[in-house]
Amino acid sequence: MIAWTTRAGLVGLSTVVIVTAAARFIAPHDPARQFPDLAFAPPMLPRVLDDSGQLHRPFIYPLRVVDRLEHRFGQDRSRPVPLEWFTQGRLVTTSEDGPWLLLGADALGRDVFARMLRGAQMSLGVSVVAAALALILGAVIGSVAGFVGGKCDAALMRVADFVLVLPIIYVVIVLRATMPLVLSATEVFWTMTVILGVAGWPFPARGVRAVIALERKKEYAEAAHAMGAGWLRILLRHLLPAARGFLTVQGTLLLPMFILAEATLSYVGFGFAEPTPSWGVMLHEAAEAGILSEAPWLLAPAAGIVMSVLCLHLVSTGVTAASETRAVNT
Amino acid sequence: MRNGFRRYFFRRVGFALLLIFAVSSASLLLARLAPSDDVFAADRVILAAERHRLGLDKPLFEQYMDWLGRSLRFDFGESLRFRRPVAALIRERAGRTALLGFSALALATLVGIPLGVLTGSRPGGVLTSAVRLASIAVLSLPSLVTSLVLLLIAARTGWFPAGGLPSVSADAGTLESILTVGRYLFLPTLALALPMAAALERLQSRAIRESLTEPCIVAAFARGVPRQRVVWRHAFRLALKTVLAIYGIMIGTALSGSFVVEIVMAWRGLGDLMYQALQSRDLYLVAGCAAAGSCGLAFGILLSDLALAAVDPRVEDVV
Amino acid sequence: MAGKLSKSLVIGAIVAAIALATYFARRPSTTGTATTPSSDGRVGAAVRGGELVASLRAEPTTHNRYVDYSAPGEVLALLTHATLARVNRTNDTLEPWLAESWTESPDHLTYTLKLRQGVLFSDGTPFTSADVAFSFRVLYDPRIKSPLATDTLVNGKPLLVEAPDPATVIVRLPSLFAPGLRLVDGVPILPRHRLERAFTEGKFNEAWSATTPVNEIAGLGPFVLTEHTSGERLVVTRNPHYWRKDAAGVALPYLDKLTVVFASQASEALKLQAGEIDLMTNADIRSDDYAAFKRAADQGRVRLIDGGLALDPNLLWFNLTPAHAKAPASRLFQQKVFRQALSCVVDRQAIVNTVYLGAAVPIYGPVTPANRTWFADVRPACEHDLARARELFAAAGLSDRNGDGILDDAAGKQARFSILTQAETIRARVVAVVQEQLRQAGIVVDIVPLDQGALFARFAKGDFDAIYYGIQSSAIDPALSPGFWLSSGDYHFWNRNQKSPATDWERRIDDLMRQQAETFNLEERRRLFTEVQRIFVEEMPAIYFVTPKVTLAVSARVVNPQPAPQIPQLLWSADSLAARH
């Protein structure tokens, strides 16, 4: 009964969640490990056939640098390095002298794939929690504004405008100055989440408020009230669900926005410090002019963002569609 | 209704002005609180003298009152970094940002809205799924990535200049000037417009789909009104409200400058100026940029609220 | 029907977009110049005529060099003004410039300069010694507080400049100073007839501002400023009265016109590769961009020039001020052995290979091999020797007492300190590599990336453990950088502006620097300065890691570049730049 798109989305989403949670297990190498002489190494795909056409267990030819400045690497075909499964506490890894760089290496010779997985924990974590916070705050404030109307509504919407228009960067810089110099990754995570959530609530709030304000005047709402239902119940059971569609779209808009906002924050000095990777920081590193044409694999996190958002969207539309059919059928 | 609308209009304009004032004041205060020092500047003494001349070293309250008074006379002070009046700098940059913003908006609207109506009115089908997938993909790409990829294409193919402002020589004809500007404008516009178009498409699609379930629409079908007219004349009107709410914000964001696109594409507009002002803690410029940016956003919000009120008269008594 | 309309609208829009795109799809025409590679790659001979386009990262905010110490101000001054004598940056010798010749008194305190005859300003007015006397009067005037003055003082006292007759200038130094007449290299000579009125009226600082009409500005340099469009570019054209001629007697400058566009660092490189500009003011390319430039060079569009090594490396300095001594981490790095141990752990070659892709060399002190005259290859006792480092750490009271891989002090506290750096730059990458190397040796480093303003603020307040940063000094002779070497100096990063030297070794360096500034025998000066470098490397208040190799990139159209180690590497000698025909 569930559409195939929703099913695909669910599969994708669960993959993302599992892979993110199990990042340390799945990543072939430590994300902070800087492999000497492999800066900007290109992606390495595992092989099963060697040069003479014989079948082997999956292996790779290690890369050796030919010219550092020109980013030229050569495969060392004389010593194939086999992929080792379920050793060293990892799903798959290789031995010391032949790192398997599935998505290549970054400017410091670190495994982009491992960084991407670890970065997913930070970025997706911050973005999802911040988006949830923004949606909840926005829904609450928007509902109150739309429901109560009048001066309260005006005041809340003006506050929303102010938060929307104020350049958050300035706030962040001042905030950073008041915080201690060294921040742990957890401190950064939660502060960032709160900042983004508080900066983001006006987006959903405006839409929710518009929806609630109009739904409130509809006949069914009045009818429910006439039958004796309390306003809170009406709000939660009838009015708010009308905004569900809007909220889900907002969520998928906020997620990539927050991922990038997280990078912008580190640009102005409020971010995850080395060696903690995050997708936003990785994209910013890729943004340095000139590197991109040489090392396009540095954009891998963008693919991660696209996939996460796509799956989220497919699932959310599927869920909304399912609940709509249910509503129609009742 | 006319009278009510006019009252609504004036009230909203008043609030918009208040908003601009509040945001610029807050920015001035924040920029003042942000730590900075020109410890490595060899001309510290001259800088200190300049600061004094511009009134930047006065106590907070006095400086704020002074700035407020001058702003009301449209004198926004002088930029410490550029040594030019803030108003002139902003006028120059805001023009460029506006050009970019409006082009992007136009492109996004032309592409996004019709596509959204299309996909919203035909839930199944290959075209709809394809457009939907494309929209999500574009939406989830941060504008940083989009700008970079476009820049990469420009650098590799040489079809378009790799960022920068158009340099029109003084003796070029009108058509040639327009074409030169167009060539430089195209990529930044695309970078800005793609995510907007995708967002509009998604929102419009959902809004149409929802409005198609409204009783009045179902009734129109039952009456035998041709499908296209139902979709475009009636459902579209109904769907407008959610889209308009966001459209205004989009206008506002476009006008106030996307600093990512401007920096990557070296389109030196308002967003870029705000970033530079921030870097050098150039107080008056920061306040001026915040004011200009908030002008754009406030205008956008105002527009969307007014449009909402015009479309649906029930909204106007919700202030 | 409306749906069909919308569909056709969309299709029509797409078609129109494609049509427009194909119309626009032409290569951007560069300023009407040929970019065909020369068949044999040889640099053509310099011929008069032609134009070049350069890029500059920031805009000068005023045209008055005496109140503008910024980098763009320096470039503008190099293009439009001249000095009495010029330091030839390629070989670090002092050349006659506006002064044709000079004699030095036996006590090295008085220089008598004979000015070149028949020199005119760009507006045709004759140049005399009165202009020189005026310039120096303005320079040292206390009302103006010119930042140029701080570089033109000897032990804090100004030079005395007299003009006994229109063709002679006498320069008296207040005390012995080995660099001697080199001090005048930074003082552009101003036209008295244009600025005297403003000066006497006390309005000199506002003279020649960004809004002054360009035809009021006159100078003795190779070019004249003819346009300054704020936010876009400035244009300088040939000074018809420029006095200099090349060896064959051809009147310089070769170029008719030089356009300087304002572009950010990120877009400069792209513009150069695309052929929109011919050279960058900061002509060196980043190692990240090297591959793209190499491709462009192989296609003959740009030329890569080896610029040697960089003069001013980045450094990691510690907060050795007494005010910060109570901080927990301070107890670690206040100890010399700890700093030496850190330097011993670091694998500089790995930094060279990873961050600079091989285009750098390891260094151990503030003077790099690029400074041929003054560099002494002084090395610390141990290099990349983990065993020795462990011994040094033990001498500092650190060892791994609980087996967690991190060194602890006697009280069990982890060895940990923080390094501030500027976010998102090559510096941040170097610090990331150093952090990882130190982690493997058991030292935990917290990296704090900040934006520039916040970084400077923390530095000024003394609120930091260590900072990794660097500034351009561009002075080759160490006697011209007292701010760094002397304990009382402003750029003595680890402990600025000391009233009297806080440590013995700083006192010793102060004495040695003073001695070498007053000695006139070059060999003796070098011996003294080598001792300074030895003390520095031994005490290590700051750790130096690497200095990058410099590769300059210019378009194929640039002829006769004279690369210098300091920025601007090519525009310092703009009069000898030419364009290919």
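Residues numbered from 1 in each chain as written. Chains lettered and ligands numbered in written order. Predicted model: local features only at pLDDT ≥ 70, side-chain atom pairs only at ≥ 80, totals over all residues.

The next thing to look at is the overall build of chain A. If you tally the helices and strands in chain A, you get 13 helices and seven strands. Along the three orthogonal principal directions, the C-alpha set of chain A runs to about 85 × 55 × 35 Å. Across the 330 residues of chain A, 49% fall into the buried class. (Helix = DSSP H or I, 4+ residues; strand = E, 2+ residues; numbered from the N terminus. Buried ≥ 20, exposed ≤ 12 C-beta atoms within 10 Å, placed from the backbone.)

Turning our attention to the overall build of chain C. A tally of regular secondary structure across chain C gives 16 helices and 23 strands. Computed over its C-alpha atoms, the radius of gyration of chain C comes to 27 Å, within 12% of the 25 Å expected for a compact globule of 581 residues. Based on the C-alpha atoms only, the size of chain C along its principal axes is roughly 95 × 75 × 50 Å. Of all 581 residues assigned to chain C, the portion counted as buried reaches 47%. Restricting to contacts in chain C with at least 6 residues of sequence separation, those with at least 24 account for 68%. (Rg over C-alpha atoms; globule rule 2.2 N^0.38 Å. Contact = placed C-beta atoms within 7 Å.)

Turning to the interface of chain B and chain C, a few remarks are in order. Note on interface size: it is often stated as the accessible area lost on association of the parts. If you look at the interface, chain B gives 44 residues, while chain C gives 41 residues. Where the side of chain B that touches chain C is concerned, the elements lending two or more residues are α2 (44-54), α4 (86-121), α7 (174-211) and α9 (227-256) of chain B. Per-element tally for the side of chain B that touches chain C: the top contributor is α4(B), with seven residues. Partitioned by chemical class, the residues of the side of chain B that touches chain C number 26 nonpolar, eight polar and 10 charged. (Nonpolar A, V, L, I, M, F, W, Y, C, P; charged D, E, K, R; others polar.)

A separate point is helix α12 (residues 426-440) of chain C. Residues and elements named next belong to chain C. A rise of 1.5 Å per residue sets the reference length of α12, with its 15 residues, at 21 Å; its end C-alpha atoms lie 22 Å apart and thus fit the reference within 8%. Restricting attention to buried positions, one finds in α12 the residues Arg427, Arg429, Val430, Val431, Ala432, Val433, Val434, Gln435, Gln437 and Leu438. Considering only its buried residues, α12 is in contact with α9 (336-345), α10 (348-354), β17 (416-422), β18 (444-450) and β19 (466-469). Directly beyond the C-terminal end of α12, a positive phi value near 100° is found at glycine 442. (Expected span 1.5 Å × (residues − 1).)

At the junction of the two partners, chain B supplies 45 residues and chain A supplies 41 residues. Counting only elements with at least two residues in the side of chain B that touches chain A, the list comes to α1 (2-33), α5 (126-140), α6 (143-157), α7, α9, α11 (270-279) and α12 (283-311) of chain B. The leading source of residues in the side of chain B that touches chain A is α1(B), at nine residues. A class-by-class count of the residues in the side of chain B that touches chain A yields 34 nonpolar, five polar and six charged.

Here we come to the sheet that holds strand β8 (residues 160-165) of chain C. Residues and elements named next belong to chain C. Overall, antiparallel pairing links the four strands, which are arranged β4-β5-β9-β8 in an open sheet. Each edge of the open sheet is held by one strand with a lone partner, namely β4 (99-104) and β8. Averaged over all adjacent pairs, the angle separating strand axes in this sheet is 25°, with direction ignored. Looking at chain direction, strand β5 (residues 110-115) and strand β9 (residues 168-172) are connected through five bridges and run antiparallel. Bridge assignment links tyrosine 111 to a residue of β9, and that residue is valine 171. Packed onto the sheet, helix α3 (residues 129-140) meets β5, β8 and β9 and runs at close to 160° relative to β8. (Pairing = 2+ DSSP bridges. Axes fitted to C-alpha atoms, helices over the stretch in contact; angles between N-to-C directions.)

The next thing to look at is the packing of helix α4 (residues 150-165) of chain A against helix α7 (residues 202-216) of chain A. Residues and elements named next belong to chain A. One can describe the packing of α4 onto α7 by two numbers: an axis separation of 9 Å at closest approach and a directional angle of 150°. In terms of their interaxial angle, α4 and α7 are classed as roughly antiparallel. For the pair α4 and α7, the sense of crossing is left-handed. Contact residues: Met157, Ala160, Val163 and Leu164 in α4; Pro202, Ala205, Arg206 and Arg209 in α7. (Parallel < 35°, antiparallel > 145°, perpendicular 65-115°, else oblique. Left-handed = near helix turned anticlockwise from the far one by under 90°.)

Residue and element names in this part refer to chain C. In this sheet, β5 lies alongside β4 in antiparallel orientation, the contact comprising five bridges. Across the sheet, residue tryptophan 102 finds its bridge partner in β5, namely leucine 113. Taking the residues between adjacent antiparallel strands as the criterion, β4 and β5 are bridged by five residues, where histidine 108 takes a positive phi near 60°.

Bringing the sheet that holds β19(C) into the picture now. Residue and element names in this part refer to chain C. Taken together, the five strands give an open sheet; going across it, the order is β18-β17-β19-β15-β20, and neighbouring strands pair in mixed fashion. What marks the edges here is a single partner per strand, and that holds for β18 and β20 (542-544). Each strand axis lies, on average, 25° off the axis of its neighbour in the sheet, ignoring direction. α12 rests against β17, β18 and β19 of the sheet, and its axis sits at about 165° to β18.

With that out of the way, let us pick up the nonpolar core. One finds A:Phe258, B:Met196, B:Val286, B:Cys289, C:Ala54 and C:Ile419 to be the most contacted residues of the largest nonpolar core, which totals 371 residues. If we skip the residues at most four places from it in the chain, C:Ile419 touches C:Leu316, C:Val431, C:Val445, C:Ile447, C:Val448, C:Ala466, C:Ile467 and C:Tyr468. (Core = buried A, V, L, I, M, F, W, Y, C linked by C-beta atoms within 7 Å.)

Going from C:Leu252 to C:Pro253, the amide bond is cis rather than trans, its omega being 0°. If you trace the backbone, C:Pro253 turns up in the loop between β11 (233-238) and β12 (257-262). The omega torsion across C:Ile567 and C:Pro568 is 0°, close enough to zero to call that bond cis. Relative to the elements of secondary structure, C:Pro568 occurs in the loop between β22 (558-559) and β23 (578-579). The phi angle at A:Phe86 is positive, at roughly 55°, despite the residue not being glycine. As for its position among the elements, A:Phe86 is in strand β6 (residues 84-87). With a phi angle near 60°, C:Asp92 is a residue other than glycine that sits in the positive phi range. Mapping C:Asp92 onto the fold places it in the loop between β2 (85-88) and β3 (93-96).

Attention now goes to helix α13 (residues 452-461) of chain C. Across the 10 residues that make up α13(C), a large majority, seven, are buried. Inspection of α13(C) places C:Gly453, C:Ala454, C:Leu455, C:Phe456, C:Ala457, C:Arg458 and C:Phe459 among the buried residues, and these make up the whole buried set. Residues of α13(C) that are buried in the fold lie against α5 (168-178) of chain A, α11 of chain B together with β17, β18 and β19 of chain C. Remark: C:Gly462 follows α13(C) within two positions and exhibits a positive phi of approximately 75°.

Residue and element names in this part refer to chain A. Two strands pair when backbone bridges link them, and strand β3 (residues 63-67) and strand β4 (residues 72-75) are joined in this way by four bridges, in the antiparallel orientation. The partner of valine 65 across the bridge, within β4, is phenylalanine 73. If you look at the hairpin formed by β3 and β4, you'll find four residues sitting between the two strands, and histidine 71 has a positive phi there, around 55°.

Where the model shows low pLDDT, its predicted coordinates should not be examined in detail. Residue and element names in this part refer to chain C. With 92% of its residues at a pLDDT of at least 70, chain C reaches an overall mean of 89. For residues 1-6, every residue scores under 50 in pLDDT, and the model assigns this stretch 11 contacts once sequence neighbours within four places are set aside. Scored below 50 in pLDDT, residues 23-42 makes 20 contacts in the model with residues more than four places away or belonging to other chains. (pLDDT = per-residue confidence, 0-100.)

Further remarks concern the packing of helix α3 (residues 112-148) of chain A against helix α11 (residues 279-287) of chain A. All names here are of chain A. Following both chains from N to C, one finds α3 and α11 inclined at 125°, their axes separated by 7 Å at the closest point. Viewed along their axes, α3 and α11 adopt a mutual orientation that is oblique. Across the interface between the two elements, Arg115, Gly119, Ala120 and Ser123 from α3 touch Trp279, Gly280 and Met282 from α11. Classifying every residue of the contact of α3 with α11 gives three nonpolar, three polar and one charged.

Below, the discussion takes up the environment of B:Phe21. All names here are of chain B. Residue position: phenylalanine 21 is located in helix α1. Phenylalanine 21 gets classed as partly exposed once you count the C-beta atoms within 10 Å, which come to 15. Taking the C-alpha atoms as reference points, phenylalanine 21 and alanine 277, separated by 256 residues in sequence, lie 19 Å from one another.

With that out of the way, let us pick up the environment of C:Leu148. All names here are of chain C. Relative to the assigned elements, leucine 148 resides in helix α4 (residues 147-150). What makes leucine 148 buried here is the crowd of 23 C-beta atoms within 10 Å. Taking C-alpha positions, leucine 148 is 9.9 Å from proline 188, a pair spaced 40 residues apart along the chain. Filtering out sequence-adjacent residues up to four positions away, leucine 148 remains in contact with Tyr66, Tyr69, Leu139, Gly186 and Val187.

All names here are of chain A. Following the sequence through the fold, serine 143 ends up in helix α3. For serine 143 and leucine 69, which are 74 residues apart along the polypeptide, the C-alpha to C-alpha distance reads 58 Å. Beyond its immediate sequence surroundings of up to four residues, serine 143 is in contact with Val208, Ile212, Leu235 and Leu240.

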